[in-house]
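# Summary of the model geometry
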Amino acid sequence: MKIGIMGGTFDPIHLGHLATAEAVREIFMLDEILFIPAARPPHKLGRKVTDEKHRLAMTLLATRSNKFFKVSDMELKRTGLSYTLDTMNELHKTFGDSTELFFIIGADSLADLSKWHEAKTLVEKCHFIATTRQGVDIDFSAVKKFFGATAVEHIHRVATPGLEISSTDIREKIRRGRSIKYLVPEAVEEYILREKLYDDR
Ligand code: ATP
Ligand code: MG
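Let us look at the structure shown here. All values derive from a computational prediction rather than experimental measurement. (Residues numbered from 1 in each chain as written. Chains lettered and ligands numbered in written order. Predicted model: local features only at pLDDT ≥ 70, side-chain atom pairs only at ≥ 80, totals over all residues. Heavy atoms only, no water.)

The next point concerns the site of ligand 1. Taken together, 20 residues surround ligand 1, and among them His14, Leu163, Ile165, Ser167 and Thr168 come closest. Residue Phe10 places a main-chain N or O atom 3.2 Å away from an oxygen atom belonging to ligand 1. Contact between ligand 1 and Gly106: an oxygen atom at 3.2 Å from a main-chain N or O atom of the residue. Considering ligand 1 on its own, with 590 Å² of exposed area, one finds that the protein chains cover 81% of that surface. The residue inventory of the shell around ligand 1, partitioned by class, reads 5 nonpolar, 12 polar and 3 charged. (Near = heavy atom within 4 Å. Polar contact = N/O pair within 3.5 Å; in protein donor to acceptor, adjacent residues only side chain to side chain. Areas by Shrake-Rupley, 256 points an atom, 1.4 Å probe, with all protein chains shown as cover. Nonpolar A, V, L, I, M, F, W, Y, C, P; charged D, E, K, R; others polar.)

Take a look at the structure:
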């Protein structure tokens, strides 16, 4: 089994996440993509994150029409900070050691990977797929220098459709009373409006 992991705050989940996950699934011939909403991302401690029940609900709505997409609440159930290493260890326990895990990250995150908790151990345990937009490349020499030989085998780069969408931008649009149509799945748009999320005017 080859499982892709899409982790994120998903506050809210948007078409950038979904299109990227689907492209990576096909390119790497993954059996499924597991979306794992993060509890309290260590790098986002400064910002108030929307209640996890809403982020989980939106992730479920967004992924329900794709039979290869699954959602896990494992990080939400965990207490304390959520580290990717803990998640990978838990997944290896669930799926067995022969299952290969592919953690999907944006190119921007790849530059910071060396600063992640237990980064070197993490890169040995699972694969990383860094998604870049056509023409935009990452400085891979710094990554190689830090991670050494494992980097070449376990860190992959792939060009995916670069949808210029971010959750920050969507939250900002809602705050200004602007449309978020075609940026999130319809069901997610309806959910946001119904629950009055991000509308702190
Ligand atoms: P925020 O604006 O709050 O930081 P975000 O849009 O970056 O939110 P996250 O939940 O932080 O979304 O992202 C989860 C993962 O998805 C990260 O690895 C991030 O790099 C990736 N990602 C985010 N937006 C896109 C996009 N438009 N296309 C491809 N990947 C994306
Ligand atoms: Mg982000």
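Looking now at the sheet that holds strand 1 (residues 2-8). Judged by pairing direction, the sheet is parallel, and its 6 strands sit side by side in the order 3-2-1-4-5-6 without closing on themselves. On the outer flanks of this sheet lie strand 3 (69-71) and strand 6 (155-159), each paired with one strand and no other. Pairs of neighbouring strands in the sheet enclose a mean axial angle of 30°, with direction left out of account. Inspection of the sheet shows strand 1 paired to strand 4 (residues 100-106) by 5 bridges, in the parallel sense. Paired with Lys2 across the strands is Glu100, a residue of strand 4. Of the strands in this sheet, strand 1, strand 2 (32-37), strand 3, strand 4, strand 5 (127-132) and strand 6 touch helix 1 (residues 15-27), which is tilted by about 145° from strand 2. (Pairing = 2+ DSSP bridges. Helix = DSSP H or I, 4+ residues; strand = E, 2+ residues; numbered from the N terminus. Axes fitted to C-alpha atoms, helices over the stretch in contact; angles between N-to-C directions. Contact = heavy atoms within 4.5 Å.)

Counting across every chain of the model gives 9 salt bridges. Asp73 is the salt-bridge partner of Lys77, the closest N and O atoms lying 3.5 Å from each other. Residue Lys77 is classed as exposed on the basis of its relative accessible area of 62%. For the salt bridge of Glu172 with Arg175, the shortest nitrogen-to-oxygen distance reads 2.9 Å. (Salt bridge = Lys/Arg side-chain N within 4 Å of Asp/Glu carboxyl O. Buried < 20%, exposed > 50% of the residue type's maximum accessible area, 1.4 Å probe, protein only.)

Going through the model one piece at a time under the given rule, you end up with 7 aromatic pairs. Ring centres of Trp116 and Phe128 lie 5.8 Å apart, and the angle between their planes is 80°; on these two criteria the pair is classed as edge-to-face. Taken together, the positions of Trp116 in the loop between helix 5 (107-110) and helix 6 (119-125) and Phe128 in strand 5 put the pair 12 residues apart, joining distant regions of the chain. Classification of Trp116 as partly exposed rests on a relative accessible area of 24%. (Phe/Tyr/Trp six-rings, centres within 6.5 Å; stacked < 30°, edge-to-face > 60°.)

A regular strand places its side chains on the two faces of the sheet in alternate fashion. Burial within strand 2 is extensive, with 6 of its 6 residues counted as buried. Because side chains alternate across strand 2, one face comprises the buried residues Glu32, Leu34 and Ile36, and the other comprises Ile33, Phe35 and Pro37, equally buried. Pairing between strand 1 and strand 2: 6 bridges, direction parallel. Paired with Met6 across the two strands is Phe35, which belongs to strand 2. As for the winding sense of the linkage, the β-α-β connection from strand 1 through helix 1 to strand 2 is right-handed. (Right-handed = clockwise from strand over helix to strand, strands pointing away.)

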